[in-house]
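Take a look at the letters that make up each chain.
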Amino acid sequence: MLTKKKEIDNVIRDTIDKVLVLRFGRASDPVCLHLDDILSKSAREVSKFSTIALVDIDSEDVQVYVNYFDITLVPATVFFFNAHHMKMDSGTADHTKWVGAFHRKQDFIDVVEAIFRAAMKGKLIANCPLPPERITKYELLYKDL
(Lines give C-alpha, C1' and ligand atoms only; values in the text may rest on other atoms or scores of the structure.)
Protein backbone atom coordinates (compact mmCIF):
# COMPACT_ATOMS: atom_id res chain seq x y z
CA MET A 1 0.00 0.00 0.00
CA LEU A 2 1.49 3.30 -1.09
CA THR A 3 1.01 6.11 1.42
CA LYS A 4 3.60 8.70 0.36
CA LYS A 5 3.86 10.95 -2.69
CA LYS A 6 7.51 9.93 -3.13
CA GLU A 7 6.52 6.24 -3.28
CA ILE A 8 3.98 6.99 -6.03
CA ASP A 9 6.49 9.17 -7.89
CA ASN A 10 9.04 6.33 -7.77
CA VAL A 11 6.70 3.60 -8.96
CA ILE A 12 5.47 5.81 -11.84
CA ARG A 13 9.05 6.65 -12.85
CA ASP A 14 10.47 3.14 -12.37
CA THR A 15 7.77 1.06 -14.10
CA ILE A 16 9.20 0.60 -17.59
CA ASP A 17 7.51 -1.09 -20.57
CA LYS A 18 4.59 -2.19 -18.41
CA VAL A 19 1.20 -0.70 -17.61
CA LEU A 20 1.18 0.68 -14.08
CA VAL A 21 -2.20 0.20 -12.44
CA LEU A 22 -2.72 2.54 -9.48
CA ARG A 23 -5.81 1.75 -7.41
CA PHE A 24 -6.81 4.71 -5.22
CA GLY A 25 -9.10 3.68 -2.39
CA ARG A 26 -9.65 2.63 1.21
CA ALA A 27 -9.04 -0.77 2.76
CA SER A 28 -12.30 -0.37 4.69
CA ASP A 29 -14.53 0.26 1.64
CA PRO A 30 -16.46 -2.82 0.42
CA VAL A 31 -16.24 -1.82 -3.27
CA CYS A 32 -12.47 -1.30 -2.89
CA LEU A 33 -12.20 -4.73 -1.27
CA HIS A 34 -14.10 -6.25 -4.20
CA LEU A 35 -11.76 -4.54 -6.67
CA ASP A 36 -8.70 -5.57 -4.62
CA ASP A 37 -9.90 -9.17 -4.82
CA ILE A 38 -10.16 -8.91 -8.62
CA LEU A 39 -6.73 -7.26 -8.82
CA SER A 40 -5.08 -9.93 -6.68
CA LYS A 41 -6.68 -12.76 -8.67
CA SER A 42 -5.57 -11.12 -11.94
CA ALA A 43 -2.06 -10.09 -10.88
CA ARG A 44 -0.32 -13.24 -12.10
CA GLU A 45 -2.04 -13.24 -15.49
CA VAL A 46 -1.15 -9.61 -16.22
CA SER A 47 2.31 -9.66 -14.60
CA LYS A 48 4.18 -9.80 -17.93
CA PHE A 49 2.74 -6.48 -19.06
CA SER A 50 1.56 -4.68 -15.91
CA THR A 51 2.36 -3.78 -12.32
CA ILE A 52 -0.41 -3.20 -9.77
CA ALA A 53 -0.08 -0.85 -6.79
CA LEU A 54 -2.62 0.21 -4.17
CA VAL A 55 -2.75 3.81 -2.95
CA ASP A 56 -4.30 4.80 0.39
CA ILE A 57 -6.54 7.73 -0.52
CA ASP A 58 -6.72 8.87 3.12
CA SER A 59 -2.97 9.35 3.45
CA GLU A 60 -2.23 13.06 3.83
CA ASP A 61 0.91 12.80 1.70
CA VAL A 62 -0.89 11.53 -1.45
CA GLN A 63 -3.52 14.27 -1.61
CA VAL A 64 -1.63 16.00 -4.42
CA TYR A 65 -2.46 12.99 -6.63
CA VAL A 66 -6.01 12.70 -5.29
CA ASN A 67 -6.60 16.34 -6.22
CA TYR A 68 -4.74 16.18 -9.54
CA PHE A 69 -6.82 13.22 -10.76
CA ASP A 70 -9.98 14.63 -9.12
CA ILE A 71 -10.63 11.43 -7.21
CA THR A 72 -13.92 11.91 -5.40
CA LEU A 73 -15.37 8.41 -5.80
CA VAL A 74 -13.52 5.27 -4.71
CA PRO A 75 -12.16 3.03 -5.89
CA ALA A 76 -10.57 4.94 -8.77
CA THR A 77 -7.97 3.27 -10.98
CA VAL A 78 -5.41 5.31 -12.91
CA PHE A 79 -3.14 3.83 -15.58
CA PHE A 80 0.40 4.80 -16.64
CA PHE A 81 2.87 3.51 -19.23
CA ASN A 82 6.53 4.61 -19.12
CA ALA A 83 5.55 7.50 -16.82
CA HIS A 84 2.83 8.71 -19.23
CA HIS A 85 -0.73 8.92 -17.95
CA MET A 86 -2.83 6.57 -20.08
CA LYS A 87 -6.47 7.45 -20.65
CA MET A 88 -9.35 5.19 -21.63
CA ASP A 89 -12.39 6.08 -23.69
CA SER A 90 -15.11 4.04 -22.05
CA GLY A 91 -18.05 6.16 -23.16
CA THR A 92 -18.11 8.06 -19.86
CA ALA A 93 -17.37 11.76 -19.41
CA ASP A 94 -14.10 11.05 -17.60
CA HIS A 95 -11.32 9.39 -19.62
CA THR A 96 -8.63 9.96 -16.98
CA LYS A 97 -9.50 7.07 -14.65
CA TRP A 98 -11.69 4.03 -14.13
CA VAL A 99 -14.21 4.68 -11.36
CA GLY A 100 -15.64 1.74 -9.40
CA ALA A 101 -14.80 -1.93 -9.44
CA PHE A 102 -14.59 -4.14 -12.50
CA HIS A 103 -17.47 -6.60 -12.76
CA ARG A 104 -15.20 -9.59 -13.17
CA LYS A 105 -11.55 -10.56 -13.43
CA GLN A 106 -11.57 -10.90 -17.23
CA ASP A 107 -12.88 -7.34 -17.59
CA PHE A 108 -9.85 -6.00 -15.74
CA ILE A 109 -7.47 -8.16 -17.80
CA ASP A 110 -9.09 -6.98 -21.05
CA VAL A 111 -8.79 -3.31 -20.05
CA VAL A 112 -5.12 -3.62 -19.08
CA GLU A 113 -4.35 -5.49 -22.32
CA ALA A 114 -6.11 -2.76 -24.36
CA ILE A 115 -4.09 -0.05 -22.60
CA PHE A 116 -0.86 -2.00 -23.12
CA ARG A 117 -1.56 -2.50 -26.85
CA ALA A 118 -2.41 1.20 -27.30
CA ALA A 119 0.72 2.25 -25.40
CA MET A 120 2.92 -0.02 -27.52
CA LYS A 121 1.56 1.80 -30.60
CA GLY A 122 2.50 5.16 -29.05
CA LYS A 123 -1.05 6.16 -28.16
CA LEU A 124 -1.99 7.87 -24.88
CA ILE A 125 -5.67 6.89 -25.02
CA ALA A 126 -7.16 3.43 -25.49
CA ASN A 127 -10.66 2.39 -26.45
CA CYS A 128 -12.42 0.39 -23.77
CA PRO A 129 -12.90 -3.23 -24.91
CA LEU A 130 -15.85 -3.84 -22.57
CA PRO A 131 -19.50 -3.72 -23.58
CA PRO A 132 -21.39 -0.69 -22.19
CA GLU A 133 -23.38 -2.76 -19.70
CA ARG A 134 -20.17 -3.73 -17.88
CA ILE A 135 -18.90 -0.15 -17.55
CA THR A 136 -19.72 1.57 -14.28
CA LYS A 137 -21.93 4.60 -14.86
CA TYR A 138 -21.99 7.59 -12.57
CA GLU A 139 -23.12 11.19 -12.71
CA LEU A 140 -20.58 13.99 -12.81
CA LEU A 141 -21.55 16.86 -10.54
CA TYR A 142 -19.98 20.21 -11.22
CA LYS A 143 -19.66 22.66 -8.36
CA ASP A 144 -19.68 26.43 -8.78
CA LEU A 145 -20.75 26.49 -12.42
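Residues numbered from 1 in each chain as written. Predicted model: local features only at pLDDT ≥ 70, side-chain atom pairs only at ≥ 80, totals over all residues. Heavy atoms only, no water.

- As recorded in an unreviewed UniProt entry, the chain goes by the name Thioredoxin-like protein 4B, listed as coming from Salix purpurea.
- Here the chain is described in UniProt, under the heading Subunit (unreviewed entry), as follows: "Homodimer. Interacts with the U5-102 kDa protein subunit of the spliceosome."
- We quote the UniProt Subcellular location (unreviewed entry) comment for the chain here in full: "Nucleus". (UniProt positions renumbered as here; feature names shortened; annotations may be inferred.)

1. Digging into the pairing of strand E4 (residues 84-89)
Then step 1. Here strand E3 (residues 76-81) runs beside E4; their pairing, made up of three bridges, is antiparallel. Directly across from phenylalanine 79, in E4, lies its bridge partner methionine 86.
Then step 2. Linking E3 to E4, which pair antiparallel, is a turn of two residues; within it asparagine 82 sits at a positive phi near 50°.
Then step 3. Bridging between E4 and strand E6 (residues 125-127) involves three bridges; their strand directions are parallel. Bridge pairing in E6 places lysine 87 opposite isoleucine 125. (Pairing = 2+ DSSP bridges. Helix = DSSP H or I, 4+ residues; strand = E, 2+ residues; numbered from the N terminus.)

2. Side note on the nonpolar core
Then step 1. Within the largest apolar cluster, 26 residues are counted, with the highest numbers of intra-cluster contacts made by Phe79, Trp98, Phe102, Phe108, Val111 and Ile115.
Then step 2. When residues of this core are traced back to their parent elements, those giving at least two are strand E1 (19-25), helix H2 (30-46), E3, E4 and helix H4 (105-120).
Then step 3. For this core, the element with the highest residue contribution is H4, accounting for eight residues.
Then step 4. Residues contacting tryptophan 98, with those up to four places away along its chain left out, are Pro75, Ala76, Thr77, Phe79, Ser90, Val111, Cys128, Leu130, Arg134 and Ile135.
Then step 5. Core analysis: the next-biggest nonpolar cluster, separate from the first, contains 20 residues, Ile8, Phe24, Val62 and Phe80 among them. (Core = buried A, V, L, I, M, F, W, Y, C linked by side-chain atoms within 4.5 Å. Buried < 20%, exposed > 50% of the residue type's maximum accessible area, 1.4 Å probe, protein only. Contact = heavy atoms within 4.5 Å.)

3. A few points about the packing of aromatic side chains
The relative placement of two aromatic rings is captured by the distance of their centres and the angle of their planes.
Then step 1. If you walk through the whole model with that rule in mind, you get eight aromatic pairs.
Then step 2. Their ring planes at 85° and their centres at 5.0 Å tell us that tyrosine 68 and phenylalanine 69 sit as a pair that is edge-to-face.
Then step 3. The class of tyrosine 68 is exposed, set by a relative accessible area of 65%.
Then step 4. Ring geometry for phenylalanine 102 and phenylalanine 108: centres 5.4 Å apart, planes at 70°, overall edge-to-face.
Then step 5. The class of phenylalanine 102 is buried, set by a relative accessible area of 1%.
Then step 6. On the basis of relative accessible area, phenylalanine 108 is assigned to the buried category, the value being 0%.
Then step 7. Of the aromatic side chains, those joined through ring pairs into one cluster are Phe24, Tyr65, Tyr68, Phe69 and Phe80. (Phe/Tyr/Trp six-rings, centres within 6.5 Å; stacked < 30°, edge-to-face > 60°.)

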